[in-house]
Amino acid sequence: MTYNDIYNCRNILLNIPLSFEGRHLSKGTAANVMLLRVTYQHKLDEYFKIMQEVESGLKNEGYEERAKEYHQMKEGKTPKYEEKMKAFEAEQTAFLEALDEARKKKADEPVEIKNGKLTKEDLADIYDLIGAEGNFIYREAGTGKELETIREEFLSLIAYNLVG
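The rules behind the values
- Residues numbered from 1 in each chain as written.
- Predicted model: local features only at pLDDT ≥ 70, side-chain atom pairs only at ≥ 80, totals over all residues.
- Heavy atoms only, no water.
- Helix = DSSP H or I, 4+ residues; strand = E, 2+ residues; numbered from the N terminus.
- Rg over C-alpha atoms; globule rule 2.2 N^0.38 Å.
- Buried < 20%, exposed > 50% of the residue type's maximum accessible area, 1.4 Å probe, protein only.
- Lys, Arg positive; Asp, Glu negative; His and termini not counted.
- Charge placed at Lys NZ, Arg CZ, Asp CG, Glu CD.
- Salt bridge = Lys/Arg side-chain N within 4 Å of Asp/Glu carboxyl O.
- Phe/Tyr/Trp six-rings, centres within 6.5 Å; stacked < 30°, edge-to-face > 60°.
- Axes fitted to C-alpha atoms, helices over the stretch in contact; angles between N-to-C directions.
- Parallel < 35°, antiparallel > 145°, perpendicular 65-115°, else oblique.
- Left-handed = near helix turned anticlockwise from the far one by under 90°.
- Contact = heavy atoms within 4.5 Å.
- Nonpolar A, V, L, I, M, F, W, Y, C, P; charged D, E, K, R; others polar.
- Core = buried A, V, L, I, M, F, W, Y, C linked by side-chain atoms within 4.5 Å.
- Pairing = 2+ DSSP bridges.

Colleague: I would appreciate a short explanation of the overall build of the protein chain in the present structure.
Modeller: A count of helical and extended segments in the protein chain gives 6 helices and 4 strands. Scanning the protein chain from its N terminus toward the C terminus, one meets helices and strands in the order α-β-β-α-α-α-α-β-β-α. Rg of the C-alpha trace for the protein chain: 22 Å, well past the compact-globule value of 15 Å for 164 residues, more than 25% over. Dimensions of the protein chain, computed from C-alpha atoms along their principal axes, come out at roughly 65 × 30 × 20 Å. Counting only residues that meet the buried cut, the protein chain has 30% of its 164 residues in that class. With 24 positive and 31 negative side-chain charges, the protein chain shows a separation of 3 Å between the mean positions of the two kinds.

Printed below as a string of structure tokens:
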């Protein structure tokens, strides 16, 4: 499992309803879903903390001051110096490219999550809750945009990614 996988699995977990159309998951399954949400969030928090350190390490000395000065020049709060602005834009582009590459590399690293799966019984409870016929609305990771899928496909997504 990678950090990317963890991000996707956490989104699936967040979309598993604890109650649906007046019905509720069993207490045991609801507890398992909640605990897995927390477990996966802790791993994502770990990733974000690591990336904060990487980000700090990639910035050249004085980067923050140059960024502040650049934004003040852009907003017209100080006189514009085209050469300084172009130099910072080049520095910023290089920094953002290096950061993006570091994020991608770290996100693809293998990560272990102990007890990070639902059981077949949990899946059966989720099936009983939402059913397999009709459509299901879920929120997309990152954007929160509502997407629609077939319930059976959502159950398959849970089974493939989260049932061990």
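Colleague: Would you take a moment to explain unusual backbone geometry for this structure?
Modeller: Note: most peptide bonds trans; most residues except glycine with negative phi. Within the chain, Glu21 stands out as a residue other than glycine whose phi angle is a positive 50°. Locating Glu21 in the fold gives a position in the loop between strand E1 (19-20) and strand E2 (23-24). Residue Asn115 is not a glycine yet carries a positive backbone phi of 55°. Summarising the element assignment, Asn115 is placed in the loop between helix H4 (82-107) and helix H5 (120-130).

Colleague: Would you mind going over the pattern of salt bridges with me for this structure?
Modeller: Pairing is possible between side chains that carry opposite charge, provided their charged atoms lie close to one another. Going through the model one piece at a time under the given rule, you end up with 12 salt bridges. The partner of Glu21 in a salt bridge is Arg151, with the nearest N and O atoms 3.6 Å apart. Linking Glu21 in the loop between E1 and E2 with Arg151 in helix H6 (residues 151-162), this pair joins segments that are 130 residues apart in sequence. On the accessibility criterion, Glu21 (56% relative accessible area) is exposed. Ionic pairing is found between Lys77 and Glu75, a salt bridge with its closest N-O pair at 3.1 Å. A single salt-bridge network, built from bridges that share partners, covers Glu55, Lys59, Glu64 and Arg103.

Colleague: How should I be thinking about the packing of aromatic side chains in this particular structure?
Modeller: The description of an aromatic ring pair rests on the distance of the ring centres and on the angle between the ring planes. Using the criterion set out here, one finds 8 aromatic pairs in the structure. Taken together, a centroid distance of 5.9 Å and an interplanar angle of 45° make the contact between Phe20 and Phe136 tilted. Of the two residues, Phe20 is situated in strand E1 and Phe136 in strand E3 (residues 135-139); the sequence distance between them amounts to 116 residues. The pair Phe20 / Phe136 is uniform in exposure class, with both members buried.

Colleague: In this structure, what is going on with the packing of helix H2 (residues 27-58) against H4? I would like to understand it.
Modeller: In helix packing, the relevant descriptors are the interaxial angle and the interaxial distance, both defined with respect to the helix axes. Where H2 contacts H4, the two axes come as close as 10 Å, and the packing angle between them is 150°. If you check the angle between H2 and H4, you find them roughly antiparallel. Considering only the axes of H2 and H4, their crossing is right-handed. Only Phe95, Ala98, Leu99, Ala102, Arg103, Lys106 and Ala107 of H4 make contact with H2, whose side of the interface consists of Tyr47, Ile50, Met51, Val54, Glu55 and Leu58. Looking at side-chain class alone, the contact of H2 with H4 contains 10 nonpolar, no polar and 3 charged residues.

Colleague: Even after reading the chapter, I still don't get the nonpolar core, so can you show me in this structure?
Modeller: The nonpolar side chains of soluble globular proteins are, as a tendency, buried together. Counting residues in hydrophobic clusters, the biggest one holds 37 residues, and the most contacted among them are Ile16, Tyr40, Leu118, Ile126, Ile130, Ile158 and Leu162. If you list the elements that add at least two residues to this core, you get helix H1 (3-15), H2, helix H3 (63-74), H4, H5 and H6. No other element matches H2, which puts 7 residues into this core. When sequence neighbours within four positions are dropped, the list of residues in contact with Ile16 reads Leu25, Val33, Arg37, Leu118, Ile126, Phe154 and Ile158.

Colleague: Looking at this model, I keep getting lost on the pairing of strand E4 (residues 146-150). Mind explaining?
Modeller: Two faces make up the sheet, and in a regular strand the side chains alternate between them. Relative to E4, E3 runs antiparallel, the two being bridged by 5 bridges. Across the sheet, Tyr138 pairs through a bridge with Leu147, a residue of E4. Counting the residues between successive antiparallel strands, the hairpin from E3 to E4 contains 6 residues, one of them, Gly142, with a positive phi of roughly 85°.

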